[in-house]
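What follows is the residue order along each chain.
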Amino acid sequence: MNIWWCRHRNWLTPALLLAPGLILFFVIIIASSFETFWISFFEWDGMGPRTWVGLANYAELIDDPQFYTSLKNNVIWLAMFLLAPPAGLAIALLVNQKIAGMRFFKSMFFMPLVLAAVTVGVIFNWFYDPTFGLLAILYQALGLQPPALLSDENLVTFAVIGAALWPQIAFCMVLFLAGLNNLDEELIGAGRVDGARGWNMLRHVVLPQLTQVAFIAVAITLVGALRSFDIISVMTAGGPFGSSTVLAYQMYEQSIFSYRFGYGAAIATVLFLIMAVFIAWYLRGLIKAEKGA
């Protein structure tokens, strides 16, 4: 036995170390995904017997106006969340300067990243409150009537996204700070010798070295926009009248509150297919970058 172990330990050791994580991944993620897809073909309340309905849940989705509202909100989330990488880059460039006291400001910009999404939601509920919130105080100081953003069907989605962008920008800032700390000093020195300063240095020397970091930031931001759930649950619970619901929250609402696990599974399957497109794009870009390296 000892001879066999010594002969094969080069691959057995990493295999045994990886096994627990891989087993959990396949059971919790892979197997659950297939189970969800299978449940989407049934009418099921989560406890009683399942009733086979075939594609009826998907047909109902096509005729459900709430589904299109959720899908539209997901598109808005995707579009607005793309502001996070450039904003994170701008802040990273700012706090990366060697100026006295900059560490304090860096910690302030970093703070939203360590806050739970529930905490961020509660903070922005106070911020948006039209009676005593900070936004109301600013409006009243200007002699204006403060808006009730979380009660306005046309503005509520933008208000929730604004809250979600706060920690997302901080996350992108951290990614770009890591990239800035790994810049090739020789290239920067060569750029200075050639007279590159300011914008030219940033455009031709710094940004090309941050391409991979930017790619990761955009990919994670897009996936984060699609899986948005917790901050919506805390701030609006999908309201008013379902106007701020996204696919992830509609799936939760249909499954947990309406006891329609089959219909919720159909929504989850559609959301997974949308996310699969971005995941495939991310993996393709990652493989391409590795080959280029």
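Cut-offs used in this document
- Residues numbered from 1 in each chain as written.
- Predicted model: local features only at pLDDT ≥ 70, side-chain atom pairs only at ≥ 80, totals over all residues.
- Heavy atoms only, no water.
- Core = buried A, V, L, I, M, F, W, Y, C linked by side-chain atoms within 4.5 Å.
- Buried < 20%, exposed > 50% of the residue type's maximum accessible area, 1.4 Å probe, protein only.
- Helix = DSSP H or I, 4+ residues; strand = E, 2+ residues; numbered from the N terminus.
- Contact = heavy atoms within 4.5 Å.
- Salt bridge = Lys/Arg side-chain N within 4 Å of Asp/Glu carboxyl O.
- Expected span 1.5 Å × (residues − 1).
- Polar contact = N/O pair within 3.5 Å; in protein donor to acceptor, adjacent residues only side chain to side chain.
- Axes fitted to C-alpha atoms, helices over the stretch in contact; angles between N-to-C directions.
- Parallel < 35°, antiparallel > 145°, perpendicular 65-115°, else oblique.
- Left-handed = near helix turned anticlockwise from the far one by under 90°.
- Nonpolar A, V, L, I, M, F, W, Y, C, P; charged D, E, K, R; others polar.
- Phe/Tyr/Trp six-rings, centres within 6.5 Å; stacked < 30°, edge-to-face > 60°.

## Describing the nonpolar core
Next, step 1: Counting residues in each nonpolar core, the largest one holds 59 residues, and the members touching the most others are Leu61, Trp77, Tyr128, Val160, Phe176, Ile231 and Met235.
Next, step 2: Top contributing element to this core by residue count: helix α8 (residues 156-180), with 13 residues.
Next, step 3: In contact with Trp77, not counting residues within four places along its chain, are Thr157, Val160, Ile161, Ala164, Ala225, Ser228, Ile231, Ile232 and Val246.

## Examining the pattern of salt bridges
Next, step 1: Counted under the stated rule, the structure contains 3 salt bridges.
Next, step 2: Notably, a salt bridge pairs Arg260 with Glu43, separated by 3.8 Å at the nearest N-O pair. One end of the pair, Arg260, is in the loop between α13 (247-257) and α14 (261-292); the other, Glu43, is in strand β1 (residues 42-43), and 217 residues separate them in sequence.
Next, step 3: With a relative accessible area of 33%, Glu43 lands in the partly exposed category.
Next, step 4: As a salt-bridge pair, Glu60 and Arg260 come within 2.8 Å of each other at their nearest N and O atoms.

## As for helix α3 (residues 65-81)
Next, step 1: Taking 1.5 Å as the rise per residue, α3 with 17 residues should run 24 Å; its terminal C-alpha atoms sit 24 Å apart, in good agreement.
Next, step 2: Among the residues making up α3, those that are buried are Phe67, Ser70, Asn73, Asn74, Ile76, Trp77, Leu78 and Phe81.
Next, step 3: With a side-chain oxygen positioned 3.0 Å from the backbone nitrogen of Gln66, the residue opening α3 is Asp64.

## Comments concerning the environment of Ser40
Next, step 1: With respect to the element layout, Ser40 can be found in the loop between α1 (2-39) and β1.
Next, step 2: Among residues more than four places away in sequence, those in contact with Ser40 are Gly54, Asn57, Tyr58, Gly262, Ala265, Ala266 and Thr269.
Next, step 3: Side-chain polar atoms of Ser40 contact the backbone oxygen of Phe37, separated by 2.5 Å.

## Some details on the environment of Pro65
Next, step 1: Relative to the helices and strands, Pro65 is located in helix α3.
Next, step 2: Classification of Pro65 as exposed rests on a relative accessible area of 60%.
Next, step 3: Distance in space between the C-alpha atoms of Pro65 and Gly21 is 40 Å, their sequence separation being 44 residues.

## Comments concerning the packing of α8 against helix α11 (residues 211-226)
Next, step 1: Across the interface, α8 lies against α11 with an axial gap of 9 Å and an inter-helix angle of 160°. Comparing the axis directions of α8 and α11 gives the class roughly antiparallel. As for the relative orientation of α8 and α11, their crossing is right-handed in sense. Here Gln168, Phe171, Cys172, Leu175, Phe176 and Gly179 of α8 come into contact with α11, specifically with Val213, Ala214, Ile216, Ala217, Ile220 and Thr221.
Next, step 2: Residue composition of the contact of α8 with α11, grouped by class: 9 nonpolar, 3 polar and no charged.

## A look at the packing of aromatic side chains
For any pair of aromatic rings, the description consists of the separation of the ring centres together with the inter-plane angle of the planes.
Next, step 1: Counted under the stated rule, the structure contains 20 aromatic pairs.
Next, step 2: Pairing Trp38 with Trp52 gives two aromatic rings, centres 5.7 Å apart and planes at 50°, and the pair type is tilted. One end of the pair, Trp38, is in helix α1; the other, Trp52, is in strand β2 (residues 51-52), and 14 residues separate them in sequence.
Next, step 3: By relative accessible area, Trp38 is classed as partly exposed at 42%.

## What about unusual backbone geometry?
Next, step 1: For the bond running from Gly239 to Pro240, omega is -5°, close enough to zero to count as cis.
Next, step 2: In this structure, Pro240 sits in the loop between α12 (230-235) and α13.
Next, step 3: Of note, Tyr259 is a non-glycine position whose phi angle comes to about 55°, a positive value.
Next, step 4: In this structure, Tyr259 sits in the loop between α13 and α14.
Next, step 5: Looking at Tyr259, the relative accessible area reads 47%, which means it is partly exposed.

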